[in-house]
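Here's the letter readout for the chains.
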Amino acid sequence: MSAEHDAQLHMIGESAADFAARHRGVAHEGAAAWKSIAGLGWFGIAVPESHGGLALGAPAVAVVAEPAGHTLMRAPIGMGMAAAQVLAGAQGGDDVLAALLAGDACIALAPATAVTGGTLLATLVSDGDAAAQWLVSVGEGAGFSARLLRVGEPGVVRDDRAAVDGSRLADLRIDHAAWADAPRLLSGADGEATWRRGVQLGWLSDAAYLCGLMDAALKLALDHLRLRRQFGVPIGSFQALQHRAVACHVDVTATRALVHEAARAFGTPRQAWAAAAAVHRAGEAALRVTLEVVQFHGAIGFADEHDAGRYLRRAMTLGARHTADALAVLQGGVAGG
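Report on the accompanying structure.

Rules used throughout
- Residues numbered from 1 in each chain as written.
- Predicted model: local features only at pLDDT ≥ 70, side-chain atom pairs only at ≥ 80, totals over all residues.
- Heavy atoms only, no water.
- Buried < 20%, exposed > 50% of the residue type's maximum accessible area, 1.4 Å probe, protein only.
- Helix = DSSP H or I, 4+ residues; strand = E, 2+ residues; numbered from the N terminus.
- Pairing = 2+ DSSP bridges.
- Core = buried A, V, L, I, M, F, W, Y, C linked by side-chain atoms within 4.5 Å.
- Contact = heavy atoms within 4.5 Å.
- Patch = residues over 30% accessible without salt bridge, like charges linked within 9 Å, V, L, I, M, F, W, Y side chains within 5 Å.
- Areas by Shrake-Rupley, 256 points an atom, 1.4 Å probe, with all protein chains shown as cover.
- Salt bridge = Lys/Arg side-chain N within 4 Å of Asp/Glu carboxyl O.
- Axes fitted to C-alpha atoms, helices over the stretch in contact; angles between N-to-C directions.
- Expected span 1.5 Å × (residues − 1).
- Arc of directions from axis to C-beta.
- Parallel < 35°, antiparallel > 145°, perpendicular 65-115°, else oblique.
- Left-handed = near helix turned anticlockwise from the far one by under 90°.
- Nonpolar A, V, L, I, M, F, W, Y, C, P; charged D, E, K, R; others polar.

Examining the pairing of strand β7 (residues 168-174)
A large share of β7 lies buried, amounting to five of its seven residues. One ladder, built from five bridges, connects strand β3 (residues 119-126) with β7; its direction is antiparallel. Residue pairing in the sheet places Leu120 in a bridge with Ile174 of β7. Pairing between strand β6 (residues 156-162) and β7: seven bridges, direction antiparallel. Each residue of the ladder has a partner; that of Asp159, found in β7, is Asp171. Two successive antiparallel strands, β6 and β7, enclose a turn made up of five residues, where Gly166 displays a positive phi of approximately 95 degrees.

Focus: the nonpolar core
Counting residues in each nonpolar core, the largest one holds 112 residues, and the members touching the most others are Trp42, Ile45, Ile107, Trp134, Leu135 and Trp195. Top contributing element to this core by residue count: helix α7 (residues 188-227), with 17 residues. Setting aside residues up to four positions removed in sequence, Leu135 forms contacts with Val86, Leu87, Ile107, Ala108, Leu109, Ala110, Ala146, Arg147, Leu148, Leu185 and Trp195.

Side note on a nonpolar patch on the surface
On the surface, Val164, Leu287, Leu291 and Met316 cluster together into a nonpolar patch covering about 320 Å² of accessible area. You can see Met316 is positioned in helix α10 (residues 307-321).

Observations concerning the sheet that holds strand β5 (residues 145-150)
One open sheet accounts for four strands, arranged β1-β4-β5-β8; its pairing is mixed. With one partner strand each, in any of the chains shown, β1 (107-111) and β8 (184-187) form the two edges of the open sheet. Sheet twist, expressed as the mean angle between neighbouring strand axes with direction ignored, is 20 degrees. Bridging between strand β4 (residues 133-138) and β5 involves six bridges; their strand directions are antiparallel. Each bridged residue has a counterpart across the sheet, and for Gln133 the counterpart in β5 is Arg150.

As for helix α1 (residues 3-22)
Taking 1.5 Å as the rise per residue, α1 with 20 residues should run 28 Å; its terminal C-alpha atoms sit 29 Å apart, in good agreement. Every buried residue belonging to α1 is among Leu9, Ile12, Gly13, Ala16, Phe19 and Ala20, and all of these are buried. All buried residues of α1 lie within an arc of 130 degrees about the axis, which places them on one face of the element. Turned more than 90 degrees away from the buried face of α1, the exposed residues are Ala3, Glu4, His10 and Met11. Among the structural elements, α2 (31-39) and α3 (58-70) are those in contact with the buried residues of α1.

Things to note about unusual backbone geometry
One non-glycine residue with positive phi stands out, namely Leu124, at about 55 degrees. Checked against the element boundaries, Leu124 lands in strand β3. The backbone of Phe231 sits at a positive phi, close to 55 degrees, despite the residue not being glycine. Here Phe231 is to be found in the loop between β9 (229-230) and β10 (233-234).

What to know about the sheet that holds β7
Spatial ordering of the open sheet is given by β2-β3-β7-β6, a layout of four strands whose pairing is antiparallel. Unpaired on one side and paired on the other, β2 (114-116) and β6 mark the two borders of the sheet. The mean inter-strand angle of the sheet, taken between neighbouring strand axes irrespective of direction, is 25 degrees.

Details of the pairing of β4
Counting buried positions along β4 gives five out of six residues, so the element sits mostly inside the fold. When β1 meets β4, the two strands line up parallel, connected through five bridges. Within the sheet, the bridge partner assigned to Ala110 lies in β4 and is Val136. Counting the residues between successive antiparallel strands, the hairpin from β4 to β5 contains six residues, one of them, Gly139, with a positive phi of roughly 75 degrees.

Focus: the packing of α7 against helix α8 (residues 239-264)
Two elements in contact, α7 and α8, have axes whose closest approach is 10 Å; the angle formed by their N-to-C orientations is 160 degrees. By the angle class used here, α7 and α8 are roughly antiparallel. Relative to α8, the crossing made by α7 is left-handed. In this structure, α7 uses Leu204, Ala207, Ala208, Cys211, Met214, Asp215, Leu218, Leu222 and Leu225 to contact α8, whose residues at the interface are Leu241, Ala245, Cys248, His249, Val252, Thr255, Arg256, Val259, Ala262 and Ala263. Along the lines of polarity and charge, the residues of the contact of α7 with α8 split into 15 nonpolar, two polar and two charged.

Notes on α3
Taking 1.5 Å per residue as the helical rise, α3 with its 13 residues ought to reach 18 Å, and the 19 Å between its terminal C-alpha atoms agrees with that figure. Of all 13 residues in α3, twelve are buried; the element is thus mostly enclosed. Of all the residues in α3, the buried ones are Ala58, Pro59, Ala60, Val61, Ala62, Val63, Val64, Ala65, Glu66, Pro67, Ala68 and Gly69. Looking at the buried residues of α3, the elements they touch are α1, α4 (77-88), α7 and α8. Phi turns positive, to about 55 degrees, at Leu72, one or two residues after α3.

Concerning the pattern of salt bridges
By the definition in use, this model includes 19 salt bridges. When the shortest N-O distance is used, the salt bridge between Asp127 and Arg321 registers 2.5 Å. Of the two residues, Asp127 sits in the loop between β3 and β4 while Arg321 sits in helix α10, which places them 194 residues apart along the sequence. Because the salt bridges share partners, they merge into one network encompassing Glu66, Asp215, Lys219 and Arg256.

Printed below as a string of structure tokens:
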């Protein structure tokens, strides 16, 4: 990686941190936040210039996703990045991609999970409530297919449910006629490879987001350990708490190193395994760190209104997103997604 590229990533990171600080938390969800993020070029950050993207690659994805996690931004940037990556390699997806990059469309990626009585189901899709259009995949290899569906059209019904952090999980029910009429954007082994690249980019984005989340949570805890006094001294002077804080610091630092190594592995034969390792490690580490942060704060850490609990609940939701798929890759199963 050249010094010029490193400098470019540094500038992007500073810009992302500034934006995330001004659009933190749930207050900046919705269409306005989506449009603002699109204006920064985040959704097309790894998309080739020939398709309207910035062509900065996976390392830039990690650089912008981490500050978003640091401030608990709730706009589904990982979903947007993954969808843009897939659409850039799709047949007939140029108009949809252009709308996504402009912030005029929000698109969810979802593998079909079941067929019941002729109805195709895609279930428990994180942030699916934000998407008016869904790219849904079925099959594998030569039998792989992904089609674009619009929520609310005849035979396409979405049901939402609450996740523990207040975000929404969505289920999509598609009847046979709606599926048959939907435009097919990906097919066959090449289409499946395109799909998996996008999914793995989403894994990387979520892993970087979790790094930012647990780093912010730990800083919150360290401030509390410095200020909270017991027996006339700061509780941060207690050796047992120092050891636990150091373990959290190691978790954050090691996970961040793995995430950036995974970003550099994109485009190589290690891509699927590296992305799976990054998101699996980040999910487990974020849960460990945020649980400790709640414990460091004592009773107040369990209050719904306290930031310690918000970090924990967000870690619980994001950490559960990709567990099964990532484990399948790490255990030598599918190639991702």
